[in-house]
Amino acid sequence: MGKQKFLAVACAAAAMAGAGWTAGPSAAAAQPAQRGVVASFDGTAIDLSRGWGAARACGVWQGAVACFRSVEELDRKAADEARSRLASGALAACSTPLQLGEHNDLRGRVLRFYDRGFWQNLGGYGFNDQTSSYRTGACTAHLAEHNDGQGYWYPGNTGPNHYESGMRSGWNDRVSSIKID
């Protein structure tokens, strides 16, 4: 996405935020779960809580959410973001993301989180109770059954660089919030 097109999407997202929409993970964590997170997708702003449309992979980076038609497109954006973070010395993000998969083996929609240090509720991303598989990145993660880390936490391994092709018994489609340490 070109810089001008990205700015246009950012302006649309800001206008939606003024109308009661949340504009990213920090705001989503502080808002009720029914509020949608605004993401850029193909040069437009979409409310993920109302559906992803043709998007299949979304990434969350320090207040910005970008969605793509494929995981490969998201990988290219993630590589650009990593280079940018290294150049700026930013440490608020994990070097590799927590990935949530809609279906087993990270199939279906994929949602990646890089931001760390606070609970992020999945409802605004249209992913509440939708996780069937996950892969942790370089940082430890926590998966909770309710918003804001409430309720039970996922009992499986959520340490660095762990992959679960399917959730433990009773945990499929049960995760409502995540936190990356």
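Residues numbered from 1 in each chain as written. Predicted model: local features only at pLDDT ≥ 70, side-chain atom pairs only at ≥ 80, totals over all residues. Heavy atoms only, no water.

Peer 1: Just checking my understanding: could you explain the overall build of the protein for this structure?
Peer 2: Counting its regular elements, the protein contains three helices and eleven strands. Listed N to C, the secondary structure of the protein is α-α-β-β-β-β-α-β-β-β-β-β-β-β in terms of helices and strands. Looking at the protein as a whole, 45% of its 181 residues qualify as buried. A sequence separation of at least 24 residues applies to 63% of the contacts in the protein between residues at least 6 apart. For the protein, the accessible surface area stands at approximately 8,400 Å², while carbon and sulfur atoms represent 50% of it. (Helix = DSSP H or I, 4+ residues; strand = E, 2+ residues; numbered from the N terminus. Buried < 20%, exposed > 50% of the residue type's maximum accessible area, 1.4 Å probe, protein only. Contact = heavy atoms within 4.5 Å. Areas by Shrake-Rupley, 256 points an atom, 1.4 Å probe, with all protein chains shown as cover.)

Peer 1: In this structure, what is going on with the pairing of strand β6 (residues 107–115)? I would like to understand it.
Peer 2: Strand residues, when the strand is regular, have side chains that alternate between the two faces of the sheet. For β6, a buried count of seven out of nine residues is recorded, marking the element as mostly surrounded by other parts of the structure. The pairing of strand β3 (residues 57–61) with β6 spans four bridges and is parallel. Each bridged residue has a counterpart across the sheet, and for alanine 57 the counterpart in β6 is valine 110. As defined by bridge partners, strand β5 (residues 93–103) adjoins β6 across six bridges and the pair is classed as antiparallel. Counterpart to glycine 101 in the pairing with β6 is valine 110. Counting the residues between successive antiparallel strands, the hairpin from β5 to β6 contains three residues, one of them, aspartate 105, with a positive phi of roughly 60°. (Pairing = 2+ DSSP bridges.)

Peer 1: Honestly, the nonpolar core in this entry has me stumped. Any pointers?
Peer 2: One broad trend across soluble globular proteins is that nonpolar side chains are buried collectively. One finds Leu48, Leu100, Leu111, Phe113, Tyr125, Leu143 and Ile178 to be the most contacted residues of the largest nonpolar core, which totals 29 residues. When contributions to this core are tallied by element, the ones reaching two or more residues are β1 (38–41), β3, β4 (64–68), β5, β6, β9 (141–144) and β11 (177–180). In terms of residue count, the dominant contributor to this core is β5 (three residues). Those residues in contact with leucine 48, other than ones at most four positions away along the chain, are Val37, Ala39, Cys58, Val65, Cys67, Gly124, Tyr125 and Gly126. In this structure, Ala57, Ala66, Phe68 and Ala93 belong to the second largest nonpolar core, which totals eight residues. (Core = buried A, V, L, I, M, F, W, Y, C linked by side-chain atoms within 4.5 Å.)

Peer 1: How should I be thinking about the pattern of salt bridges in this particular structure?
Peer 2: Charged atoms that come close allow side chains of opposite charge to pair. Scanning the entire structure with this criterion turns up seven salt bridges. Between aspartate 75 and arginine 112 there is a salt bridge, with its nearest N and O atoms 2.7 Å apart. Separated by 37 residues along the polypeptide, aspartate 75 in helix α3 (residues 71–88) and arginine 112 in strand β6 bring together distant segments of the chain. On the basis of relative accessibility, which here comes to 7%, the residue arginine 112 falls in the buried class. Its salt-bridge partner being arginine 109, residue glutamate 102 comes within 3.4 Å of it at the nearest N-O pair. Summarising the burial analysis for this pair, glutamate 102 and arginine 109 share the class buried. (Salt bridge = Lys/Arg side-chain N within 4 Å of Asp/Glu carboxyl O.)

Peer 1: What is the right way to look at the packing of aromatic side chains in this model?
Peer 2: Each aromatic ring pair is described using two quantities: the centre-to-centre distance and the angle formed by the ring planes. Following the criterion strictly, the structure yields six aromatic pairs and no others. Consider the rings of tryptophan 61 and tyrosine 114, whose centres lie 5.1 Å apart with planes at 20°: the pair is stacked. Taken together, the positions of tryptophan 61 in strand β3 and tyrosine 114 in strand β6 put the pair 53 residues apart, joining distant regions of the chain. Judged by relative accessible area, which is 3%, tyrosine 114 ranks as buried. (Phe/Tyr/Trp six-rings, centres within 6.5 Å; stacked < 30°, edge-to-face > 60°.)

Peer 1: Just checking my understanding: could you explain the environment of glycine 124 for this structure?
Peer 2: By the element assignment, glycine 124 lies in the loop between β7 (120–121) and β8 (133–135). Counting along the chain gives 74 residues from glycine 124 to arginine 50, while the straight-line C-alpha distance between them is 8.7 Å.

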